[in-house]
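Residues per chain are reported as follows:
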Amino acid sequence: MLLIPCPWCGRRDESEFACGGEAHIARPADPDAVSDAEWADYLFMRTNPKGAHRERWVHVHGCGRWFNVARHTVTHDISAAYKVGEKPPGDAS
Amino acid sequence: MADAYLRQSPLAHLGLAARAAIPPEDIEGTEAGVVLCERPARHQIGLRGDARRPAFRAAVKGVLGFAPPAKATTAAGGTGLPRALWLGPDEWLVVTDDDDAATVADLSEALARQHAHVVDLSDARAVIGLAGAGARDVLMKGCTLDVHRRAFGPGRCTRTLLARAQVIVHQITQAPDYDLYVQRSFAEYLWAWLEDAGTEYGVRVTA
Ligand SMILES: [Zn+2]
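Just so it is clear, the structure is predicted and the values come from calculations on it, not from any experiment.

Definitions and cut-offs
Residues numbered from 1 in each chain as written. Chains lettered and ligands numbered in written order. Predicted model: local features only at pLDDT ≥ 70, side-chain atom pairs only at ≥ 80, totals over all residues. Heavy atoms only, no water. Helix = DSSP H or I, 4+ residues; strand = E, 2+ residues; numbered from the N terminus. Buried < 20%, exposed > 50% of the residue type's maximum accessible area, 1.4 Å probe, protein only. Contact = heavy atoms within 4.5 Å. Areas by Shrake-Rupley, 256 points an atom, 1.4 Å probe, with all protein chains shown as cover. Patch = residues over 30% accessible without salt bridge, like charges linked within 9 Å, V, L, I, M, F, W, Y side chains within 5 Å. Salt bridge = Lys/Arg side-chain N within 4 Å of Asp/Glu carboxyl O. Donors = N, O, S within 2.8 Å, 3.2 Å for Na, K, Ca; no water. Tetrahedral: all angles 85-135°; square planar, octahedral: opposite > 155°, others 65-115°. Phe/Tyr/Trp six-rings, centres within 6.5 Å; stacked < 30°, edge-to-face > 60°. Lys NZ or Arg CZ within 6 Å of the ring centre and 35° of its normal. Pairing = 2+ DSSP bridges. Axes fitted to C-alpha atoms, helices over the stretch in contact; angles between N-to-C directions. Expected span 1.5 Å × (residues − 1). Buried area = accessible area lost by both parts, 1.4 Å probe. Nonpolar A, V, L, I, M, F, W, Y, C, P; charged D, E, K, R; others polar. Parallel < 35°, antiparallel > 145°, perpendicular 65-115°, else oblique. Left-handed = near helix turned anticlockwise from the far one by under 90°.

Q: Honestly, the overall build of chain A in this entry has me stumped. Any pointers?
A: When its secondary structure is counted, chain A shows 1 helix and 6 strands. For chain A, the α and β elements follow one another from N to C terminus as β-β-β-α-β-β-β. Referenced to the eigenvectors of the C-alpha coordinate spread, the extents of chain A come out at roughly 40 × 30 × 25 Å. Burial status across chain A gives 32% buried among its 93 residues. Across chain A, every contact between residues at least 6 apart in sequence was considered, and the portion connecting residues at least 24 apart equals 47%. As presented, chain A carries roughly 5,700 Å² of accessible surface, and 52% of it is formed by carbon and sulfur atoms.

Written as structure tokens, this is what we have:
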């Protein structure tokens, strides 16, 4: 069981949350301009890293807010939780 | 709110008033470590808006006498009514007396020209009172929230899961004394769970 640090509520048990998959996937600005393959890539293709990963989570049985979590998929170590719109820690881009 | 003649508590069929009327000396066992009650019906108002905007805070304060709490998982209004429970960074539950129909109307009017939301949710949730020396232990049996007095004290509130049912937990006093807001379709289940969980401490039902 994970203890997830909600940016609003603090550390709460995983059972209060739902995972929304990989974070920082940008919708193509002009969907009509992309190929079917590019659209399919946006819709369906996700990285599945063994290691550092950034995910979206929602505190569904708490404050109800979506936010991002940086989690190591092997150790489950959560290095950061940050609000939507904020830059991931350690990301200079 | 439903017409008065149609309104019925989701716990009405449990005969809690009759159990509460039994004199304590007629109840087997000596100590009741867990005291359960159904709180009287209250006006419950869903409120949403941007707490960073002075106009929103001022409009709410003008009606309730206090601004909606900006600090996460805290309640404003103390032990009386009205109260405002923080549910999310732009979401609160305002609780007032059952016969106070003015507050929802006044909030709607005060916020009419703002990007805000006021809706009467009075009959959505039942409110169960949980108190007694064993109350904290009962919560710990079915809730992953840290309810240690250093982590969660009077004036704190949050949505969480209790026995897999979503509840709003609001600690009223240090005693401790909790309000548990539960969706009415879960109310009987949660009441039964609380009685079962409290059995080892001794359960008393009060009005
Ligand atoms: Zn939260």
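Q: Sorry if this is basic, but what is going on with a nonpolar patch on the surface here?
A: Residues A:Leu43, A:Phe44 and A:Met45 make up a contiguous nonpolar surface patch of about 340 Å² in total accessible area. For A:Phe44, the position within the fold is in helix α1 (residues 36–44).

Q: I tried to follow the coordination of the zinc ion on my own but got confused; where do I start?
A: Around a metal, the perfect tetrahedron of four donors has angles of 109.5 degrees, and the perfect octahedron of six donors has angles of 90 or 180 degrees. Residue and element names in this part refer to chain A. Protein coordination at the zinc ion comes from Cys-6 (SG), Cys-9 (SG), His-59 (ND1) and Cys-63 (SG), with a distance range of 2.0 to 2.4 Å. Classification of the site at the zinc ion rests on its 4 donor atoms, whose angles at the metal span 103 to 119 degrees, yielding the label tetrahedral. The sequence pattern formed by the donor residues of the zinc ion is C-x2-C-x49-H-x3-C. Here Cys-63 lies in the loop between β4 (52–58) and β5 (66–72) and Cys-6 lies in strand β1 (residues 3–6), a separation of 57 residues in the sequence. With respect to class, Cys-6 is no different from Cys-63; both count as buried.

Q: Mind showing me how you'd approach the packing of aromatic side chains here?
A: Aromatic ring pairs: the centre-centre distance and the angle between the two ring planes describe each pair. All names here are of chain A. According to the stated counting rule, one finds 3 aromatic pairs over all chains in the structure shown. Ring centres 5.0 Å apart and planes at 50 degrees place the aromatic pair Trp-39 and Tyr-42 in the tilted group. Taken together, the residues Trp-39 and Tyr-42, both in helix α1 and 3 residues apart, mark about one turn of the helix. Overall, Trp-39 belongs to the partly exposed group, its relative accessible area being 25%. Here the guanidinium or amino end of Arg-56 rests over the ring plane of Trp-66, the centre of that ring lying 4.8 Å away.

Q: Just to check I follow, could you spell out the sheet that holds β5(A) for this structure?
A: All names here are of chain A. Across the sheet, which stays open at both edges, the 4 strands sit in the order β3-β4-β5-β6 with antiparallel pairing between neighbours. The outermost strands of the open sheet, each flanked by one partner alone, are β3 (18–22) and β6 (78–83). Adjacent strand axes in the sheet meet at a mean angle of 30 degrees, parallel and antiparallel pairs treated alike. By the bridge criterion, 5 bridges tie β5 to β6 in an arrangement that is antiparallel. If you follow Arg-71 over to β6, its bridge partner there is Ile-78.

Q: What is the right way to look at helix α5 (residues 184–198) of chain B in this model?
A: For an α-helix, the turn length of 3.6 residues means that residues three or four places apart are oriented alike. With 15 residues, α5(B) extends 21 Å from end C-alpha to end C-alpha; this agrees with the ideal 21 Å at 1.5 Å per step. For α5(B), the complete set of buried residues consists of B:Ala187, B:Leu190, B:Trp191, B:Trp193, B:Leu194, B:Glu195, B:Ala197 and B:Gly198.

Q: Even after reading the chapter, I still don't get the interface of chain B and chain A, so can you show me in this structure?
A: A common way to express how large an interface is: the accessible area buried when the components associate. Contacts between the two partners involve 16 residues from chain B and, on the opposite side, 12 residues from chain A. Carbon and sulfur atoms supply 50% of the area that chain B and chain A bury against each other, a total of about 1,000 Å² over both sides. Looking only at chain B, the three residues that lose the most surface to chain A are B:Pro89, B:Thr144 and B:Leu161, adding up to 40% of its buried area. Where chain B packs against chain A, one counts 2 salt bridges. Between A:Arg65 and B:Glu91 there is a salt bridge, with the nearest N and O atoms lying 3.4 Å from each other. Of all elements in the fold, only β4 (83–88) and β8 (157–162) of chain B reach the threshold of two or more residues within the side of chain B that touches chain A. Ranked by residues supplied to the side of chain B that touches chain A, first place goes to β8(B) with 4 residues. Of the residues in the side of chain B that touches chain A, the class split is 6 nonpolar, 6 polar and 4 charged.

Q: I tried to follow the packing of helix α2 (residues 54–64) of chain B against helix α3 (residues 102–110) of chain B on my own but got confused; where do I start?
A: Each pair of packed helices gets described by two things: the angle between the helix axes and the distance between those axes. Residue and element names in this part refer to chain B. Running from N to C, α2 and α3 cross one another at 155 degrees; their axes reach a closest spacing of 9 Å. The orientation of α2 with respect to α3, classified from their angle, is roughly antiparallel. Crossing angle aside, the handedness with which α2 passes α3 is right-handed. From α2, Ala-59, Val-60, Val-63 and Leu-64 reach across to α3, where they touch Thr-103, Asp-106, Leu-107 and Ala-110. In the contact of α2 with α3, the residues fall into 6 nonpolar, 1 polar and 1 charged.

Q: What is the right way to read the pattern of salt bridges from this model?
A: Per the stated rule, a full pass over the model turns up 15 salt bridges over all chains. Across the pair B:Asp90 and B:Arg48 runs a salt bridge, and its minimum N-O distance is 3.0 Å. In this pair, B:Asp90 sits in the loop between β4 and β5 (91–97) while B:Arg48 sits in strand β2 (residues 42–48), placing the two residues 42 residues apart along the sequence. On the basis of relative accessible area, B:Asp90 is assigned to the partly exposed category, the value being 25%. Look at the salt bridges and you will find they share partners, linking A:Arg65, B:Arg48, B:Asp90, B:Glu91 and B:Arg159 into a network.

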